[in-house]
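So you can see what is in the structure, the chains are spelled out below.
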Amino acid sequence: MKSAVVLLPGLNRDRDMIAALTKISGVEPQTVWQTDTEVPDVDLIVIPGGFSYGDYLRCGAIAARMPVMQAIREKANKGVMVMGVCNGFQILLEAGLLPGALMRNASLKFVCRQVKLEITNANTPFTRGYSHGQIISSPVAHHDGNYFADAETLARVEGEGQVVFRYAEGTNPNGSINNIAGIINKQGNVLGLMPHPENLIEAAHGGTDGRALFAGILGVAA
Amino acid sequence: MKARVTVTLKNGVLDPQGKAIVGALGSLGFDGIGSVRQGKVFDVELDGSDKAGAETKLKAMCEQLLANTVIEDYSVELL
């Protein structure tokens, strides 16, 4: 499977993401720069985490308006898989590729720790390496992960099974509504999540719970 | 031409920063504060003198960038 990682000024998890994709798939992803108007012919496009444009205006707001996002939108409309992690999730929301918004953490503090995630929809091309209801560990590191959607949008997202990851009871680090940690679009090919599964893929990381996400996506054994 | 764009959180959207400000004001001895909602102000300078055109342009800027209309409302004022 071929993948591409999007690079924007201020992102800082791009190397971790490239390492995870390379280690698990055996193929190094291509990289795409923010001003590119075309994305190469790949099966998966990943927007990694960080602080694009210094989080100026709102997290992900400036990045979401860069030329590469229009190219990603076109690919997503054609069914190409797109995944945004942390700042990448914020960018996908700002670009309107996913519903809702991410607000400042309820505690107002930057959180950097390990949380427990519940897989609430294992029937997606991203989560097929997990089982429904499985609890996994994952690191989080963010200041604005407090997911919010108006009542109507939230009911639709919940009703359509678009909530893919939820913070397990008692580990919600940011006050997000319904403990939402990650959602997928209605078509099932665009995923956004706050946690960093790419930072828990080998024993040296202290665990491998993130591996099944990439293995599931890449269609290789975990 | 100068304009001021004000962006505020929609009703019903929680504002933890506003709450923290209420707490800090309380600790300074300001009592009787029901609530504080934090927002943003953009002072924009535009070329030309077409007021109607400027207003249309500013609203488009708000829709496309200055506000996230999922969680924020905006207002435009020509100064």
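Residues numbered from 1 in each chain as written. Chains lettered and ligands numbered in written order. Predicted model: local features only at pLDDT ≥ 70, side-chain atom pairs only at ≥ 80, totals over all residues. Heavy atoms only, no water.

As recorded by an unreviewed UniProt entry, chain B carries the name Phosphoribosylformylglycinamidine synthase subunit PurS and is attributed to Phyllobacterium ifriqiyense. The UniProt entry for chain B carries the following text under Sequence similarities (unreviewed entry): "Belongs to the PurS family." What the UniProt record of chain B gives under Subunit (unreviewed entry) is the line "Part of the FGAM synthase complex composed of 1 PurL, 1 PurQ and 2 PurS subunits." (UniProt positions renumbered as here; feature names shortened; annotations may be inferred.)

In the nomenclature of an unreviewed UniProt entry, chain A is known as Phosphoribosylformylglycinamidine synthase subunit PurQ of Phyllobacterium ifriqiyense. As its UniProt record puts it under Subunit (unreviewed entry), chain A is described as follows: "Part of the FGAM synthase complex composed of 1 PurL, 1 PurQ and 2 PurS subunits."

Visitor: Report on the overall build of chain A, specifying residues and quantitative values.
Guide: On a plain count of helices and strands, chain A comes out with 5 helices and 11 strands. Against the compact-globule benchmark of 17 Å for 222 residues, chain A has a radius of gyration of 16 Å, which places it among compact chains. Referenced to the eigenvectors of the C-alpha coordinate spread, the extents of chain A come out at roughly 40 × 40 × 30 Å. In chain A, which comprises 222 residues, the proportion classed as buried is 58%. Residue pairs at least 24 apart in sequence account for 72% of intrachain contacts in chain A once pairs closer than 6 positions are excluded. Computing the positive centroid from 18 side-chain charges and the negative centroid from 20, chain A places the two 1 Å apart. (Helix = DSSP H or I, 4+ residues; strand = E, 2+ residues; numbered from the N terminus. Rg over C-alpha atoms; globule rule 2.2 N^0.38 Å. Buried < 20%, exposed > 50% of the residue type's maximum accessible area, 1.4 Å probe, protein only. Contact = heavy atoms within 4.5 Å. Lys, Arg positive; Asp, Glu negative; His and termini not counted. Charge placed at Lys NZ, Arg CZ, Asp CG, Glu CD.)

Visitor: Give me the lowdown on the interface of chain B and chain A, citing residues and values where you can.
Guide: Quite often, the size of an interface is put as the accessible area lost when its parts meet. Across the boundary between the two partners, chain B contributes 17 residues, which contact 13 residues of chain A. Carbon and sulfur atoms supply 68% of the area buried between chain B and chain A, which totals about 1,200 Å² over both sides. Looking only at chain B, the three residues that lose the most surface to chain A are P16(B), L65(B) and V70(B), adding up to 38% of its buried area. Of the charged contacts, one joins E72(B) and R58(A) as a salt bridge, the two residues approaching to 3.7 Å between their closest N and O atoms. (Buried area = accessible area lost by both parts, 1.4 Å probe. Salt bridge = Lys/Arg side-chain N within 4 Å of Asp/Glu carboxyl O.)

Visitor: So, empty space enclosed by the protein: which residues are in play, and what are the values?
Guide: Rolled over the atoms, a probe with the dimensions of a water molecule shows which regions are left empty. Residue and element names in this part refer to chain A. Per the counting criterion, the structure on display carries 2 cavities of 30 Å³ or more. When its volume is computed, the largest cavity comes out at roughly 50 Å³. The wall of the largest cavity is formed by G50, F51, D55, C59, C86, N87, Q90, A141, H142, H143 and D144. Where the lining of the largest cavity is concerned, the elements lending two or more residues are α3 (87-94) and β7 (135-142). (1 Å grid on protein atoms, 1.4 Å probe; cavity = no way out; pocket = protein on both sides within 12 Å on 5 of 7 lines; lining within 4 Å. Points joined across faces, edges and corners; volume = space filled by probe spheres on them.)

Visitor: Help me get a handle on the pattern of salt bridges, residues and values and all.
Guide: Residue and element names in this part refer to chain B. Under the counting rule described, the total for this entry stands at 9 salt bridges over all chains. For R4, the salt bridge goes to D43, with nearest N and O atoms at 2.7 Å. Of the two residues, R4 sits in strand β1 (residues 2-9) while D43 sits in strand β2 (residues 39-45), which places them 39 residues apart along the sequence. Residue R4 is classed as partly exposed on the basis of its relative accessible area, which comes to 34%.

Visitor: Before we move on, can you summarise the sheet that holds strand β10 (residues 180-184) of chain A with the specific residues and values?
Guide: Residue and element names in this part refer to chain A. Strand order across the open sheet formed by 9 strands is β2-β1-β3-β4-β11-β10-β9-β6-β7, with mixed pairing between neighbours. Two strands in the sheet have a free side with no partner beyond their single neighbour: β2 (30-33) and β7. Sheet twist, expressed as the mean angle between neighbouring strand axes with direction ignored, is 25°. One ladder, built from 3 bridges, connects strand β6 (residues 111-119) with strand β9 (residues 163-167); its direction is antiparallel. Opposite I119, over in β9, you have F165 as the bridge partner. In the packing of helix α1 (residues 14-25) onto the sheet, the strands contacted are β1 (3-7), β2, β3 (44-47) and β4 (81-85), and the crossing angle to β1 comes to about 175°. Against the sheet, α3 makes contact with β3, β4, β10 and β11 (190-193), and its axis sits at roughly 120° relative to β4, the strand it touches most. (Pairing = 2+ DSSP bridges. Axes fitted to C-alpha atoms, helices over the stretch in contact; angles between N-to-C directions.)

Visitor: Go over the sheet that holds β1(B) with me, naming the residues and quoting the values.
Guide: Picture the strands of a sheet paired through backbone hydrogen bonds; they go either parallel or antiparallel. Residue and element names in this part refer to chain B. A sheet is described by the order of its strands in space; here 3 strands give the open sequence β2-β1-β3, paired in antiparallel fashion. Each edge of the open sheet is held by one strand with a lone partner, namely β2 and β3 (72-78). Strand-to-strand, the axes of this sheet are offset by a mean angle of 20°, without reference to chain direction. As paired strands, β1 and β2 are joined by 7 bridges and run antiparallel to one another. Counted as the bridge partner of T8 is G39 from β2. In the packing of helix α2 (residues 51-66) onto the sheet, contacts are made with β1, β2 and β3, and the angle to β3 comes to roughly 160°.

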